[in-house]
Amino acid sequence: MLHRPKIYPFYGKKEVFFCKTTQKSVYKGLICKNMFINHTIHAREKKAPGQSPFAFVTKLLQTYNPPLCSPSITLPNKPFSPPKKSYILYIGKREDPMKDLDQTIVTGNKTIRFRPSEVRPHLIVLYPQTQFKQIPLSVGSVILGRGQDADIHLDDELVSRKHCKLTFDGTRITVEDLGSTNGTYVDGNPITSAPLGPDNRLQLGTMILKVEFKDATEEAIARELFEAATTDALTKIANRRTFMDRSLGELALARRNNYYVHCIMVDVDHFKRVNDTWGHQCGDLVLKEVAKILKEEKRESDLLARYGGEEFVLLQCGIGPEDAKKSAERLRAAVESHRFSWDDAIIPVTISLGLASKQGEFIGKIEELIAESDKYLYIAKEDGRNQVASA
């Protein structure tokens, strides 16, 4: 236990003090780290009986090598464990080292003031949660709809290609229906034109939206919370829940347009061996590198996620089966050719892939597509790994 030290002041070219203590580690943590003391010196000599503190410190200053009277002092960094009741000499502010460190810091202006940031309206998708987004609105008009030429694209089969128009004049927002098939609703009531405020709910098809005024800080916080809920913490790609939710819209679009949809399950070969040989930190590095490679090699429209453990899943739409096989092979080759290293050791890393494809009306649930691709992944691993298996 650290005893309350007795401070002895000495006035020279620097303010110098020394105190009694029994535990150097506690003392240094309390004094040097939190009190911003620049130098600490441990005096092995003890004060002689009857010797004044002034005389004792003076002797220390004269005998210490280099002398402590120099304006620039270089002190040793060697650890030293002083014996009981030894003196510790330190240079710095003359403050009580046992001062209450929980005391509130008072600034010169008493309060730190922040400049207020601009508040601007944001259109927020509340439902379905899988399509959550917050879109900043500027002065002027924007078109909401399912069509690719809409200013704000909404992925809902019940939303018209050009469904409604939002207008912000700098103070208030109005919504105007553009002759949509299924109508525009505010708070459950059909409208042709109506004001839209933070307390109102806008319904387009199955989607529910609202307007909220936010500053840059609030916008950033909402974005961070959304990313934390939808992103895998280790690999920084979409997590499994996000993949399952977002895939519903992709499958619905493929059914409606008679597109092909492809699900690719990816597994890192012999991943347990990597953990057992080089440790789990190395395993984490491998997963992050593999995720980075897959992200760089996939198309921008492809949906990539970490499915769990050392497994990843990729959803592709709009290409034929042969192109999907070439895409999967490109992913495999990219991982195989990448140089994985840990502590100067080269780690051989490969992946196995299972590819399942469906078209139009034959597309079932995403769970069924994943199960089929997982079956082909098992075949790839049974046949020797580091390959693509498909129908």
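Whatever comes next refers back to the structure up there.
Criteria and thresholds
- Residues numbered from 1 in each chain as written.
- Predicted model: local features only at pLDDT ≥ 70, side-chain atom pairs only at ≥ 80, totals over all residues.
- Heavy atoms only, no water.
- Core = buried A, V, L, I, M, F, W, Y, C linked by side-chain atoms within 4.5 Å.
- Buried < 20%, exposed > 50% of the residue type's maximum accessible area, 1.4 Å probe, protein only.
- Helix = DSSP H or I, 4+ residues; strand = E, 2+ residues; numbered from the N terminus.
- Contact = heavy atoms within 4.5 Å.
- Pairing = 2+ DSSP bridges.
- Axes fitted to C-alpha atoms, helices over the stretch in contact; angles between N-to-C directions.
- Phe/Tyr/Trp six-rings, centres within 6.5 Å; stacked < 30°, edge-to-face > 60°.

Colleague: Please explain the nonpolar core as it appears in this structure.
Modeller: Generally speaking, nonpolar side chains in soluble globular proteins are found buried as a group. Formed by 28 residues in total, the largest nonpolar core has its most connected members in Val268, Val290 and Phe312. In terms of residue count, the dominant contributor to this core is helix 6 (residues 280-297) (seven residues). When neighbours within four sequence positions are excluded, Val290 is seen to be in contact with Val268, Phe312, Val335, Phe340, Val349 and Ile351. In terms of nonpolar packing, the next biggest core, distinct from the first, is built from 23 residues, Met244, Leu251, Tyr376 and Leu377 among them.

Colleague: Even after reading the chapter, I still don't get the sheet that holds strand 15 (residues 207-214), so can you show me in this structure?
Modeller: Within a beta sheet, neighbouring strands are joined by backbone hydrogen bonds and run either parallel or antiparallel to one another. In space, the six strands of this open sheet follow the order 6-5-15-14-11-12, with antiparallel pairing throughout. The open sheet has two edge strands with one neighbour each: strand 6 (134-136) and strand 12 (189-191). Across the sheet, the mean angle separating the axes of adjacent strands is 35° when strand polarity is ignored. With three bridges connecting them, strand 14 (residues 202-204) and strand 15 associate as antiparallel partners. Among the inter-strand pairings, Leu204 is bridged to a residue of strand 15, identified as Met207. Contacting strand 5 (120-127), strand 6 and strand 15, helix 3 (residues 216-230) crosses the sheet at an angle of about 140° to strand 15.

Colleague: Any chance you could explain the packing of aromatic side chains here in plain terms?
Modeller: The geometry of an aromatic ring pair is captured by the separation of the ring centres together with the interplanar angle, meaning the angle of the planes. Counting across every chain of the model gives one aromatic pair. An angle of 65° between the planes, with centres 6.5 Å apart, marks the rings of Phe168 and Phe213 as edge-to-face. Here the residue Phe168 occupies a position in strand 9 (residues 164-168), and Phe213 occupies one in strand 15, the gap between them amounting to 45 residues. By relative accessible area, which is 9% here, Phe168 ends up buried.

Colleague: Can you help me understand the pairing of strand 15 in this one?
Modeller: Along any regular strand the residues' side chains alternate between the sheet's two faces. In the sheet, strand 5 pairs with strand 15 via seven bridges, with the strands oriented antiparallel. If you follow Ile124 over to strand 15, its bridge partner there is Lys210. Counting the residues that bridge the hairpin from strand 14 to strand 15 gives two residues, and of these Gly205 lies at a positive phi of roughly 60°.

Colleague: I keep staring at the pairing of strand 9 and nothing clicks. Help me out?
Modeller: Alternating positions in strand 9 separate cleanly, Cys164, Leu166 and Phe168 being buried on one face and Lys165 and Thr167 remaining unburied on the opposite face. Where strand 7 (residues 140-145) and strand 9 come together, five bridges link them in antiparallel fashion. The residue of strand 9 that forms the bridge with Ser141 is Thr167. Here strand 9 runs beside strand 10 (residues 173-177); their pairing, made up of five bridges, is antiparallel. Bridging from a neighbouring strand, Leu166 pairs with Val175 of strand 10. Two successive antiparallel strands, strand 9 and strand 10, enclose a turn made up of four residues, where Gly170 displays a positive phi of approximately 105°.

Keep in mind these values describe shape, not function.
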